[in-house]
Amino acid sequence: MRTFLDFRKEISSGKMRNVYYIASVDNYFLLKAGEILREKLFGSKESKANFFLKYADETPMQELFDLTSGGASLFSSQKLVIVKRCEKYSRKLSEFMERSKEKSDDSFILYAFDTSFVYEKKLDQISGIEFYDFSELPHRELYDWVKQEFETNGITINTDALDLFITSIPSSFDLLSSEIEKVSNYDFEGKEQVLTKEIILQFIGYDREYSPEELMVSIVKKDQNRAFTILNNLLNTKALNEVYLLSLISNYYMDMLSFKSAGLDAMDNRLIYQRYKMWGDRVKFAKSYHKLLNIKSLESSFDKIIDTDKKLKTSMLDPKILMTSLVDELINA
């Protein structure tokens, strides 16, 4: 699928479509798309005169198509409609997809669906329909986008800090944008405004020597004393949520398991990102440490992680005790 960056380039070049289909998981790029189109159509991204934002679960289908097919107001020759949560029309999906293709020369429509729904229903394979994926960017484009967002705020970010920042934030552009704004408020105390890995670690809430990655290094190296020291720091000093820490540990194990695939060690980072959504420090860790664990050990570790996850979410057992027990079991797996 084409990305938001492709969408932006097309609008800038004047290649406007009357109907757009969008796959998204959050609002960030949808909001930006609306601003770009209002700027193009009405001369200002602030203009709301002929802009309509609709939600499929609040708008009957016929009412929606009455809006999209009707003419613009007396005050403008054009109209922009953004329809969110279109997966809510799933009971009449075939009818909706067919009718949504209908165009009106003075109307510009964005139909936004949840990304997982698009792939599940194979909507991107319907003849005559092309989707733009606003839920992710290719590795290099994501890297450049985050870097440029910091530069817009007058801040340079080191490569290792950029790797850590992106891999530490859940896959959501709303969250990435919010965290970029938060980190950009860092007080450099008159020094050059360059973000380092140490500064990013401070914002995430870890000390460099007591990060989840250092915990994983200690586990795979079977350094029990070091592992428990780091775990104590994360849970008791930094007050890291146990479920969140468990999800991080699970991701590290999944990365190492991925590297058991034949040929992955020799694969370049671009392909690793495309196939496994893994890059930066995650790739470095998995490449460096997956050979210390065999398949049997990884399988045993996943069993223990799943069991701990169930207990954390359903039992009344002390979460810190559960995590301590898990770390001990992982070291001995």
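Below: a short report on this structure. (Residues numbered from 1 in each chain as written. Predicted model: local features only at pLDDT ≥ 70, side-chain atom pairs only at ≥ 80, totals over all residues. Heavy atoms only, no water.)

### Focus: the overall build of the protein
Defined as follows: Where helices and strands are cited, they refer to DSSP runs of H or I of at least four residues and of E of at least two residues respectively, numbered from the N terminus. Throughout this description, buried means an accessible area under 20% of the type-specific maximum (1.4 Å probe, protein chains only), exposed means over 50%, and partly exposed covers the range between.
Counting its regular elements, the protein contains 16 helices and 8 strands. Evaluated residue by residue, the protein yields a buried proportion of 45% over its 333 residues.

### Here's the deal with the packing of helix H6 (residues 139-152) against helix H7 (residues 159-168)
When two helices pack together, you describe them by how their axes are tilted relative to each other and by the distance separating the axes. Quick note on the threshold: To get an axis, a line is fitted to the C-alpha atoms, and for a helix only the part in contact is used. The angle between two axes follows their N-to-C directions and goes from 0 to 180 degrees. Each angle receives one of four descriptions, namely roughly parallel if under 35 degrees, roughly antiparallel if over 145, roughly perpendicular if within 65 to 115, and oblique otherwise. Any two residues whose heavy atoms approach within 4.5 Å are treated as being in contact. Throughout, the ten residues Ala, Val, Leu, Ile, Met, Phe, Trp, Tyr, Cys and Pro are labelled nonpolar, Asp, Glu, Lys and Arg are labelled charged, and all others, Gly among them, are labelled polar.
Contact geometry of H6 with H7 gives a least axis separation of 11 Å together with a crossing angle of 105°. In terms of their interaxial angle, H6 and H7 are classed as roughly perpendicular. Here Leu142, Tyr143, Val146, Lys147 and Phe150 of H6 come into contact with H7, specifically with Thr159, Leu162, Asp163, Phe165 and Ile166. For the contact of H6 with H7, the class distribution of residues is 7 nonpolar, 1 polar and 2 charged.

### Comments concerning unusual backbone geometry
Its identity is not glycine, yet lysine 122 carries a phi of approximately 55°, on the positive side. Mapped onto the elements of the fold, lysine 122 is located in the loop between helix H5 (115-120) and strand E6 (131-133). In this structure, alanine 239 is a non-glycine residue whose phi angle is positive, near 55°. Positionally, alanine 239 belongs in the loop between helix H11 (224-237) and helix H12 (242-258).

### Some words on helix H2 (residues 28-42)
Put simply, the rule reads: One fewer than the residue count of a helix, multiplied by 1.5 Å, yields its expected span.
When the terminal C-alpha atoms of H2 are compared, their 21 Å separation across 15 residues agrees well with the 21 Å that a helix rising 1.5 Å per residue should span. Of the residues making up H2, those classed as buried are Tyr28, Phe29, Leu30, Ala33, Gly34, Glu35, Ile36, Leu37, Arg38 and Leu41.

### Considering the packing of H12 against helix H16 (residues 319-332)
The line we're drawing: A clockwise turn of the near helix away from the far one marks a right-handed crossing, whereas an anticlockwise turn of less than a right angle marks a left-handed crossing.
Interaxial distance between H12 and H16 falls to 10 Å at its minimum, and their mutual angle equals 20°. By the angle between their directions, the pair H12 and H16 is classed as roughly parallel. Crossing of H12 against H16: the hand is left-handed. Here H12 contributes Glu242, Leu245, Leu246, Ile249 and Tyr253 to the contact with H16, which in turn contributes Pro319, Lys320, Met323, Leu326 and Leu330. When the residues that make up the contact of H12 with H16 are grouped by side-chain class, the tally is 8 nonpolar, no polar and 2 charged.

### Comments concerning the packing of aromatic side chains
What counts here: Any Phe, Tyr or Trp ring, taking Trp's six-membered ring, that has another such ring centre within 6.5 Å forms a pair; planes under 30 degrees apart are called stacked, those over 60 apart edge-to-face, and the others tilted. Consider the ring centre and the ring normal. A charge sits over the ring if Lys NZ or Arg CZ is within 6 Å of that centre and within 35 degrees of that normal.
By the definition in use, this model includes 26 aromatic pairs. With 5.4 Å between their ring centres and 80° between their planes, phenylalanine 4 and phenylalanine 134 make a pair best called edge-to-face. Of the two residues, phenylalanine 4 sits in helix H1 (residues 4-12) while phenylalanine 134 sits in the loop between E6 and H6, which places them 130 residues apart along the sequence. Side by side, phenylalanine 4 and phenylalanine 134 carry an identical accessibility label, which is buried. Among the aromatic side chains, those forming a connected cluster through ring pairs are Phe4, Phe7, Tyr20, Tyr28, Phe29, Tyr132, Phe134, Trp145 and Phe173. Between the NZ or CZ atom of arginine 140 and the centre of the ring of tyrosine 143, over which it lies, the distance is 4.5 Å.

### Some points on the pattern of salt bridges
Where we set the bar: Here, a salt bridge means any side-chain nitrogen of Lys or Arg that lies within 4 Å of a carboxyl oxygen of Asp or Glu.
Applying the stated rule across the entire model yields 12 salt bridges. The residue arginine 2 makes a salt bridge to glutamate 130 at a minimum N-O spacing of 3.0 Å. Residue arginine 2 is located in strand E1 (residues 2-3), and its partner glutamate 130 is located in the loop between H5 and E6; the two are separated by 128 residues in the primary sequence. Overall, arginine 2 belongs to the partly exposed group, its relative accessible area being 33%. Take glutamate 130: its relative accessible area is 31%, and that puts it in the partly exposed class. Its salt-bridge partner being glutamate 179, residue lysine 182 comes within 2.9 Å of it at the nearest N-O pair. Within this pair, lysine 182 and its partner glutamate 179 are both found in helix H8 (residues 173-183), separated by 3 residues, close to a single helical turn. The partly exposed category is assigned to lysine 182, whose relative accessible area is 42%.

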